[in-house]
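Descriptive analysis of the structure
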Amino acid sequence: MAVKITRISQTRKGRFALFAGEEFLFSVDDETYVTRRLAEGMVLDEAELDELRQCSETRKAIAKAFEYVSLRDHAAGELYEKLSRKFDAQSCRAAVEKMKALDLLNDHAFALHRAKYLLAQGKSRRAVQQALAQKGIARETAAEVLAEVYAEAQSQGEDPEMQALRSLIEKSYARKLQQGRTEQVMAALYRRGFPAAAVRAAVREYQEQTNQQEDF
């Protein structure tokens with residue numbers, strides 16, 4: 001079924017609204033409007049309308065992708081998930097591929113930055129892995145990044161998980177340990193994903209430093 005575009009009006013957002021009679025069809029971006037040489041009186045069949053709508057939607061998704069990546073680093077999976085809240089799957093895929101082609105997405109760099117940040121916030125290695133997975137980072141990439149972060153820290157004589165545990169104990173669990181609630185503290189740290197041996201070592205270290213004596 002052919003449709004005649006009877007009116008084109010520019011919106012406040014700079015897009016071009018297409019009408020067939022009094023019926024609003026959809027709006028297109030300025031690039032689509034110019035490159036497709038859209039004009040009032042033009043007749044388009046259903047396939048042409050669908051293709052035009054898809055083209056404009058993809059350009060809109062790409063523009064939004066540029067907006068997102070300009071604010072901070074994004075992983076490909078994370079960017080796709082954010083775009084999918086506003087656009088169809090085809091447009092999201094095209095936008096992500098466009099960002100990849102322009103080298104604006106780098107899962108490894110994003111994961112590395114995110115892992116360091118989360119470890120500094122007192123997250124366990126397991127919790128960091130889960131957080132990276134939620135951002136669309138592949139398991140292999142996450143494992144590679146964490147190995148890199150831990151190797152770097154250990155080469156400097158540091159243990160990221162022990163540092164995280166020390167920080168957590170000081171910030172959140174010192175009072176409970178002083179009250180003798182050692183088992184509750186250790187259970188809470190286990191739930192955060194820290195290995196049992198590391199938890200025991202960190203709690204024992206804190207108790208020795210504060211002259212608390214308790215066997216566990």
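Residues numbered from 1 in each chain as written. Predicted model: local features only at pLDDT ≥ 70, side-chain atom pairs only at ≥ 80, totals over all residues. Heavy atoms only, no water.

Some words on the packing of aromatic side chains
- Under the defined criterion, the tally for this structure stands at 2 aromatic pairs.
- Relative to Y33, the ring of F16 has its centre 4.0 Å away and its plane inclined at 5°; by these criteria the two rings are stacked. Taken together, the residues F16 in strand β3 (residues 16-20) and Y33 in helix α1 (residues 30-35) connect sequence positions 17 residues apart.
- Using a relative accessible area of 12% as the deciding quantity, one classes F16 as buried.
- It is R125 that lies over the ring of Y150; its NZ or CZ is 4.3 Å from the centre. (Phe/Tyr/Trp six-rings, centres within 6.5 Å; stacked < 30°, edge-to-face > 60°. Helix = DSSP H or I, 4+ residues; strand = E, 2+ residues; numbered from the N terminus. Buried < 20%, exposed > 50% of the residue type's maximum accessible area, 1.4 Å probe, protein only. Lys NZ or Arg CZ within 6 Å of the ring centre and 35° of its normal.)

Thoughts on the packing of helix α6 (residues 125-134) against helix α7 (residues 139-155)
- Two elements in contact, α6 and α7, have axes separated by 10 Å at closest approach and are oriented at 140°. By the criterion of interaxial angle, the relationship of α6 to α7 is oblique. The two elements α6 and α7 meet at a crossing, and its hand is right-handed. On α7, the residues that touch R125, V128, Q129 and L132 of α6 are A142, L146, A147 and Y150.
- Taken together, the residues of the contact of α6 with α7 sort by class into 6 nonpolar, 1 polar and 1 charged. (Axes fitted to C-alpha atoms, helices over the stretch in contact; angles between N-to-C directions. Parallel < 35°, antiparallel > 145°, perpendicular 65-115°, else oblique. Left-handed = near helix turned anticlockwise from the far one by under 90°. Contact = heavy atoms within 4.5 Å. Nonpolar A, V, L, I, M, F, W, Y, C, P; charged D, E, K, R; others polar.)

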